[in-house]
Structures are given as structure tokens and as C-alpha cells.
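# Understanding the architecture of this molecule
So the chains spell out like this:
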Amino acid sequence: MGPAPAGIRGQQLLQHTNGLPNYTEHIGLEDFARIQHKFFHPHDLLTAALAHPAEFAPGAKWKYSNTNYLLAGMLIEKVTERPVQEQITERVIRKAGLRHTSWPQPGDRTVPEPHARGYARSSLENGKVVDATRMAPSWGGAAGQLISTPSDLATFARLLLDGKLLAPGQPAEMRKTVDAPIMPGWRCGLGVLRIPLSCGGAYWGHGGDIDGYETRGGATDDGRSVGLAVTGLPGTFSDAEKSAKAVMSATDTAFCN
């Protein structure tokens, strides 16, 4: 696996300022039935992305792309000459003491017990909501092929923000942000978003979305941390925009109360 394409710096991968197409827009994720048990190799995902032209020149603007994390994972493997899942397990999961967090092995479609069941809409069932707990998560790659719990996510965010998982000087670099026009006031650092709170201040975090589950949360500079998970992507049970806002509102309430 090679490094990032020429002209793109590692910082631009983590900050989403390089213009690379988002591979998740080009592999058919809108049809859960088609990809539920399909195995994707990281090279397949990268090929799907690079089959399309860059959306802007590196450094010109901001746009979220899962391809950035996919390439970051490949870069880790190039530098360490070891699998990215091994490096994340050793350098993050074990170091942080996350007892309920793991990277699924290739081909594994299960979630360790006990667990909440996740749900998605299936084209094979005429759009009905189906159990999505058993699925192949390989399309997530280094952009999110992890199993965890809200408690572990909150612990990770707290340790990350406190600098316990980083080398000296790196927490400050992580907090250098650019405007992220997802919602008013949002800004993007290196691998984390700074999201304003209704009660003042902001939290640092990064959500996760995969068929059957969505997570939100993070940590604040003054010591608060939140991990939240729901058992379906926005639109699974109700209007997508309404449910997405409800999850963000619940996260805000958890921080502010």
C-alpha cells in the first residue's frame, strides 16, 4: 500500500482539505441489501474514489471525505510496515484501556455479546426495516471499521483531548482548525471536529455512521465527555433530517446538563 497521492500532505488528510472524492459515495451504500455481506478490500475502496476527479486543489477549501481516513490507514501501514488494525489496537485501544472496543477480523460479520441490535432499510424487503446487526463492515476500512460502546467512546475522547494518547505538542496541532461548513460554527482540526454547545463553549469529537448504528459525542476542554449511540442511521425510523438533528440535540443536552 502506498502513501497519499503526490501533492497532498498528511495534515490535509486529517483536516479534509485536499479535494479527494469520497469513496462512500461511489460503492452503492444506498442499497444496504447489496452490501450487507460484501467484502471490500481497501484498494477496492480507493479505486472507487480515484476513478473520479478531485473536487478541488489541495488546500483550496474543506469537504469531508472518508477517503482521507482510508489513505491515512494506508500511510500508517507504509510507515510501520504492519497492518493498520494492529497499530490501532496496540497504540490506541490497549493504551486507552478500551475493553469493549475492537477491529473486526477480515470476514467477521458479528458483534461481541452483549450488544444492541442495529436496524436498516432493505431493498430486498421493499424498504422494510430489517435487522442489520450481522453485516460485513469492511467498507468502513480505516474510516470506521471499529466496534465499540458509548462508554469506551467517551473514555477515548477524554484521553485524546487530555493528550494521553499523543506525543508532546501534538494536542496543540490537533486543535488547529479550519472552517467546516456542515453546521454554523463547526470547525475541523486534525481528525476531530470542534462543535459549539448551546450552553456556551464547544466539544471536540467525531461521529460515526454505519448501517445499523450511529454514534456521536466527544469531550470538552473543561473535563466533560459524552458517548451516545443509536441503533439506526438517520432515516431508518423517521425523517432523515429530523432524526439527525435529534441525535445532535441529545448530544448537546448531555453535555450541557
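Quick caveat, the model's predicted, so the values are computed rather than measured.

## Observations regarding helix α3 (residues 42-50)
All of the buried residues in α3 are Leu-45, Leu-46, Ala-48 and Ala-49. Each buried residue of α3 sits inside an arc of 155° when the element is viewed along its axis, so together they form one side. The inward-facing, buried residues of α3 abut α4 (66-80).

## Some points on the packing of α3 against α4
One way to put it is that α3 packs onto α4 with a least axis distance of 10 Å and a crossing angle of 135°. Taken together, the axis directions place α3 and α4 in an arrangement best described as oblique. Relative to α4, the crossing made by α3 is left-handed. Facing Pro-42, His-43, Leu-45, Leu-46 and Ala-49 of α3, the residues of α4 in contact are Thr-67, Leu-70, Leu-71 and Met-74. Here the contact of α3 with α4 is built from residues that sort into seven nonpolar, two polar and no charged.

## Some points on the packing of aromatic side chains
Enumeration over the complete set of coordinates arrives at three aromatic pairs. With 6.2 Å between their ring centres and 65° between their planes, Tyr-119 and Phe-237 make a pair best called edge-to-face. Separated by 118 residues along the polypeptide, Tyr-119 in strand β1 (residues 119-122) and Phe-237 in the loop between β9 (225-230) and α8 (240-256) bring together distant segments of the chain. Looking at Phe-237, the relative accessible area reads 52%, which means it is exposed. Look at Tyr-203 and Phe-255: their rings are 4.4 Å apart centre to centre, the planes differ by 20°, and that puts the pair in the stacked class. Remark: Phe-255 occurs in helix α8 and Tyr-203 occurs in strand β6 (residues 202-205); sequence separation between them is 52 residues. Comparing Tyr-203 with Phe-255 shows no difference in burial state: the two are buried. The positively charged end of Arg-175 is found above the aromatic ring belonging to Trp-204, 5.9 Å away from the centroid.

## What to know about the environment of Tyr-69
Position of Tyr-69 among the secondary structure elements: in helix α4. Given the relative accessible area of 12%, Tyr-69 is considered buried. Apart from the residues within four sequence positions on either side, Tyr-69 is in contact with Leu-14, His-16, Tyr-64, Ala-142, Ala-143, Gly-191 and His-206. Reaching out from Tyr-69, the side chain makes a polar contact with the side chain of His-206 at a distance of 3.1 Å.

## Regarding the nonpolar core
Judged by nonpolar contacts, the single largest core of 22 residues is most densely connected at Ile-27, Phe-32, Leu-45 and Trp-139. For this core, the secondary-structure elements that each account for two or more residues are α2 (32-35), α3 and α4. No other element matches the four residues that α3 contributes to this core. Dropping the residues within four chain positions of it, Phe-32 is found in contact with Ala-120, Arg-121, Val-130, Ala-132, Met-135 and Asp-211. Trp-103, Leu-161, Met-174 and Ala-219 belong to the second largest nonpolar core, which has 14 residues in total.

Rules used in this analysis
- Residues numbered from 1 in each chain as written.
- Predicted model: local features only at pLDDT ≥ 70, side-chain atom pairs only at ≥ 80, totals over all residues.
- Heavy atoms only, no water.
- Buried < 20%, exposed > 50% of the residue type's maximum accessible area, 1.4 Å probe, protein only.
- Helix = DSSP H or I, 4+ residues; strand = E, 2+ residues; numbered from the N terminus.
- Arc of directions from axis to C-beta.
- Contact = heavy atoms within 4.5 Å.
- Axes fitted to C-alpha atoms, helices over the stretch in contact; angles between N-to-C directions.
- Parallel < 35°, antiparallel > 145°, perpendicular 65-115°, else oblique.
- Left-handed = near helix turned anticlockwise from the far one by under 90°.
- Nonpolar A, V, L, I, M, F, W, Y, C, P; charged D, E, K, R; others polar.
- Phe/Tyr/Trp six-rings, centres within 6.5 Å; stacked < 30°, edge-to-face > 60°.
- Lys NZ or Arg CZ within 6 Å of the ring centre and 35° of its normal.
- Polar contact = N/O pair within 3.5 Å; in protein donor to acceptor, adjacent residues only side chain to side chain.
- Core = buried A, V, L, I, M, F, W, Y, C linked by side-chain atoms within 4.5 Å.

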